[in-house]
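Structural features, examined
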Amino acid sequence: HQPVIYVGKDKFENDQLLQIARPKEDVWFHADKYSSAHVYLRLPTQFTNQIPQIWLDECAQLTRERSREGSQHPNICIVWTGCENLKKTSGMDPGTVGFKSESRVKRLQVRGRNDALLERLIKTRTEMHVEEFVQWNRDQSKLERDKREVAKVVKKDVAVDPYADAFAQPTSSTTNRSGRAVEEDFFGC
């Protein structure tokens, strides 16, 4: 499973993406002290407790590149936190967010532009309008719910005693090739 990185193009799109971010799976990135795009990293479920450094580096580089001011400086700080830590109140301007807990905000220093990393990301990029991404997000959520439901059914089926039939009494007769019932005999006589 690969992560999904999605990026807002402007402050209005940043707000729209914040509304569909998954609190437990998505991580938010922003240039510290500069305006920038909101960059989100959607983690595969097995990585929700630890993020591989390469994914952090990719998101930090994208965030740096999507900041007009920040991209002009050789070294900038990128802040990041889980989306469950983001706070948006009605009085905030578009594209502005706060934090529920400042202590859960992490910082990552980006030292210059990593052309090779950015080039690799560009090759795998898919562009969507927000509406398309919202639909894709819904489809992914449905797929994941369906997989969980199937897993529950499979788990329930497996929970049934697998040896229940092992001690069942054999039937007293079987059908031979001609379709007639034949009494079973232990010795085959």
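All of the points below concern the structure found in this document. Residue positions are given per chain, counting from 1 as you read along its sequence in written order. Residues qualify for local features only when their pLDDT is at least 70, as the model is predicted, and side-chain atom pairs are given and counted only at 80 or more; totals for whole chains, interfaces and linings, by contrast, use all residues. To get the side-chain values, take all heavy atoms of the structure and skip hydrogens and water.

Our focus in this paragraph is helix α3 (residues 115-123). Every buried residue of α3 is accounted for by Leu117, Leu118 and Leu121. Along the axis of α3, the buried positions cluster into a sector of 95 degrees, meaning they face one direction only. The exposed set on the far side of α3, more than 90 degrees from its buried face, consists of Ala116 and Lys123. Any two residues whose heavy atoms approach within 4.5 Å at even a single point are treated as in contact. In this description a helix means any DSSP run of H or I spanning at least four residues, a strand means any run of E spanning at least two, and both kinds are numbered starting from the N terminus. Elements in contact with the buried residues of α3: β1 (4-7) and α2 (53-65). Here's how the labels work: a residue is buried when its accessible area is under 20% of the maximum for its type, exposed when over 50%, partly exposed in between, all with a 1.4 Å probe on protein chains only. What the arc covers is the set of directions going from the helix axis to the C-beta atoms.

A few words on the pairing of strand β3 (residues 39-42). Residues Val39 and Leu41 of β3 are buried on one face, and the alternating residues Tyr40 and Arg42, pointing to the opposite face, are buried as well. Strand direction decides the pairing type here: β1 and β3, joined by four bridges, are antiparallel. Looking at the pairing, valine 4 lines up with arginine 42 of β3. Note on pairing: two strands pair once DSSP finds at least 2 bridges between them. Where strand β2 (residues 26-31) lies against β3, four bridges are found, and the strand directions are antiparallel. Across the sheet, residue valine 27 finds its bridge partner in β3, namely leucine 41.

Another aspect to go through is the layout of surface pockets. Think of a 1 Å grid over the protein atoms and nothing else: a 1.4 Å probe that fits but is trapped marks a cavity, an open set flanked by protein within 12 Å on at least five of seven lines marks a pocket, and residues with an atom within 4 Å of a point count as lining. Grid points are joined across faces, edges and corners, and a volume is the space filled by probe spheres set on the points. The calculated volume of the largest pocket comes to roughly 960 Å³. Along its surface, the largest pocket is lined by 28 residues, and Ile5, Tyr6, Thr124, Arg125 and Thr126 are the ones closest to its centre. Polarity classes work like this: nonpolar for Ala, Val, Leu, Ile, Met, Phe, Trp, Tyr, Cys and Pro, charged for Asp, Glu, Lys and Arg, and polar for all others, with Gly in that last group. Residue composition of the lining of the largest pocket, by class: 15 nonpolar, four polar and nine charged.

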